Amino acid sequence: MTEEKLCSTDDVEPGTARRFDFGPHRICVVRIGDDWYAIGDRCTHQDVSLSEGEVHPDELEIECWKHGSCFSLVTGEPSSLPATKPTPVYELRVDGRDVFVELP
Ligand code: FES
């Protein structure tokens, strides 16, 4: 595991998602208030960018825009079809204005 600086807290508006490419990792970072989440940015149904989907703050989910599968920001598991496989979850740490990600 290595920890790398991913972005600044100014880079992601509350209630939104943004994609960051970090080496081979395509990461969907979601900010809900001051809480931060990071899951794999690829929908596990087809290769669609989850960060282009809609954030559901109450459910802590993001919805794939293509066919509507919702993925947990906490576990990476889909809660609705057609996706059936989880997407990876990354640990984030916020220190001041810096956001760090733990990479496998
Ligand atoms: S591509 Fe995401 S649900 Fe089909």
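Keep in mind that what you see is a predicted model, and the values were worked out from it rather than measured.

J.: Can you help me understand the nonpolar core in this one?
T.: Within soluble globular proteins, side chains that are nonpolar generally end up buried alongside one another. The biggest cluster of nonpolar side chains holds 21 residues, and the ones touching the most others in it are Cys-28, Val-29, Val-30, Ala-38, Ile-39, Leu-50 and Ile-62. Every element with two or more residues in this core is listed here: strand 3 (25-32), strand 4 (35-40), strand 7 (70-72) and strand 10 (98-103). Looking at which element gives the most residues to this core, the answer is strand 3, with 4 residues. Residues in contact with Val-30, not counting those within four places in the same chain, are Ala-17, Tyr-37, Val-55, Ile-62 and Leu-73.

J.: Honestly, the sheet that holds strand 9 (residues 92-95) in this entry has me stumped. Any pointers?
T.: By definition, the strands of a sheet pair up through backbone hydrogen bonds, in either a parallel or an antiparallel sense. Read from one edge to the other, the open sheet built from 3 strands follows the order 1-10-9, with strand pairing classed as antiparallel. At either margin of the open sheet sits one strand with a lone partner, and together these are strand 1 (2-8) and strand 9. On average, adjacent strands in this sheet sit at an angle of 30 degrees to one another, irrespective of strand direction. By the bridge criterion, 4 bridges tie strand 9 to strand 10 in an arrangement that is antiparallel. Bridged to Leu-92 within strand 10 is Val-101.

Rules used throughout
- Residues numbered from 1 in each chain as written.
- Predicted model: local features only at pLDDT ≥ 70, side-chain atom pairs only at ≥ 80, totals over all residues.
- Core = buried A, V, L, I, M, F, W, Y, C linked by C-beta atoms within 7 Å.
- Buried ≥ 20, exposed ≤ 12 C-beta atoms within 10 Å, placed from the backbone.
- Helix = DSSP H or I, 4+ residues; strand = E, 2+ residues; numbered from the N terminus.
- Contact = placed C-beta atoms within 7 Å.
- Pairing = 2+ DSSP bridges.
- Axes fitted to C-alpha atoms, helices over the stretch in contact; angles between N-to-C directions.

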